[in-house]
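# Understanding the architecture of this molecule
Here is how the chains run, residue by residue.
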Amino acid sequence: MAQAMRPNSTSAGSLFASDGKPHPLPDTLLYVTAVLGILALITSIWSNLHLLSSWAGLIGIFTGAYGQYVSETTRERFGLILGLGASAVGFFIGMAHGGLFGGIIG
């Protein structure tokens, strides 16, 4: 039970690094994935913005997947999963409204 008595300090390094070390690449991927996920989710509301929502969602899925691959802490993984979920929902709704090339090709 020594783990229960150990202080959980996040003062050193990044906000998302629970081990006290800075993780610039996973943090950057987390922020990019979150922004793309929010963008894809919000723009999927309007069917005429399907190009933006589907491409933002697809890029967000790839950045989130790579972020999961290189992440080192639970906090990074938690944020990446939220961003991945938002990107995936925005991507799929954008695909349902017209897809990646809807109206441009075919």
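Below is a short write-up of the structure. Quick caveat, the model's predicted, so the values are computed rather than measured.

Cut-off values and rules
Residues numbered from 1 in each chain as written. Predicted model: local features only at pLDDT ≥ 70, side-chain atom pairs only at ≥ 80, totals over all residues. Heavy atoms only, no water. Axes fitted to C-alpha atoms, helices over the stretch in contact; angles between N-to-C directions. Helix = DSSP H or I, 4+ residues; strand = E, 2+ residues; numbered from the N terminus. Parallel < 35°, antiparallel > 145°, perpendicular 65-115°, else oblique. Left-handed = near helix turned anticlockwise from the far one by under 90°. Contact = heavy atoms within 4.5 Å. Buried < 20%, exposed > 50% of the residue type's maximum accessible area, 1.4 Å probe, protein only. Patch = residues over 30% accessible without salt bridge, like charges linked within 9 Å, V, L, I, M, F, W, Y side chains within 5 Å. Areas by Shrake-Rupley, 256 points an atom, 1.4 Å probe, with all protein chains shown as cover. Salt bridge = Lys/Arg side-chain N within 4 Å of Asp/Glu carboxyl O. Phe/Tyr/Trp six-rings, centres within 6.5 Å; stacked < 30°, edge-to-face > 60°. Nonpolar A, V, L, I, M, F, W, Y, C, P; charged D, E, K, R; others polar.

## Side note on the packing of helix α3 (residues 50–70) against helix α4 (residues 74–97)
Viewed as axis vectors pointing N to C, α3 and α4 meet at an angle of 150°, and their least axial separation amounts to 7 Å. Regarding the angle of α3 to α4, the classification is roughly antiparallel. Crossing geometry of α3 relative to α4 is assigned as left-handed. For the pair α3 and α4, contact is made by His50, Ser53, Ser54, Gly57, Leu58, Gly60, Ile61, Gly64, Ala65, Gly67 and Gln68 and by Arg77, Leu80, Ile81, Leu84, Ser87, Ala88, Gly90, Phe91, Gly94, Met95 and His97, respectively.

## Examining the environment of Leu41
Structurally, the position occupied by Leu41 is in helix α2 (residues 24–43). According to the relative accessible area criterion, Leu41 is partly exposed, its value standing at 35%. With 47 residues separating them along the chain, Leu41 and Ala88 place their C-alpha atoms 8.5 Å apart. With residues near it in sequence (within four places) discarded, Leu41 still touches Ala86, Val89 and Gly90.

## Some points on a nonpolar patch on the surface
There is a patch of nonpolar side chains on the surface, built from Ile38, Leu39, Ile42, Ile45, Trp46, Leu49 and Leu52 and spanning about 640 Å² of accessible area. Counting residues per element, the nonpolar patch draws most heavily on α2, at 3 residues. Topologically, Ile45 is positioned in the loop between α2 and α3. We classify Ile45 as exposed; its relative accessible area is 60%.

## Overview of the side chain of Ser53
Note on placement: Ser53 falls in helix α3. If sequence neighbours within four positions are ignored, Ser53 has contacts with Ala40, Thr43, Ser44, Gly90, Phe91 and Gly94.

## Quick word on the side chain of Ser44
Within the element layout of this structure, Ser44 appears in the loop between α2 and α3. For Ser44, a relative accessible area of 4% puts it in the buried group. Those residues in contact with Ser44 that lie beyond four places of it in its chain are Ser53, Gly90, Ile93, Gly94 and His97.

## Observations concerning the packing of aromatic side chains
The geometry of an aromatic ring pair is captured by two quantities: the separation of the ring centres and the angle between the planes. Under the definition given, this model contains 3 aromatic pairs. For the pair Trp55 and Phe101, a centre-to-centre distance of 5.6 Å together with 75° between the ring planes defines the contact as edge-to-face. With Trp55 in helix α3 and Phe101 in the segment after α4, this pair connects stretches of sequence that are 46 residues apart. Here Trp55 falls in the partly exposed class, since its relative accessible area comes to 34%.

## Brief notes about the packing of α2 against α3
Viewed as axis vectors pointing N to C, α2 and α3 meet at an angle of 155°, and their least axial separation amounts to 8 Å. Put simply, α2 runs roughly antiparallel to α3. As α2 runs across α3, the sense of the crossing is left-handed. Each of Leu25, Pro26, Leu29, Val32, Thr33, Leu36, Leu39, Ala40 and Thr43 in α2 lies in contact with α3, whose residues at this interface are Leu52, Ser53, Ala56, Gly57, Ile59, Gly60, Thr63, Gly64, Tyr66, Gly67 and Val70. Its residues assigned to classes, the contact of α2 with α3 comprises 12 nonpolar, 8 polar and no charged.

In short, shape yes, function no, at least from these values alone.
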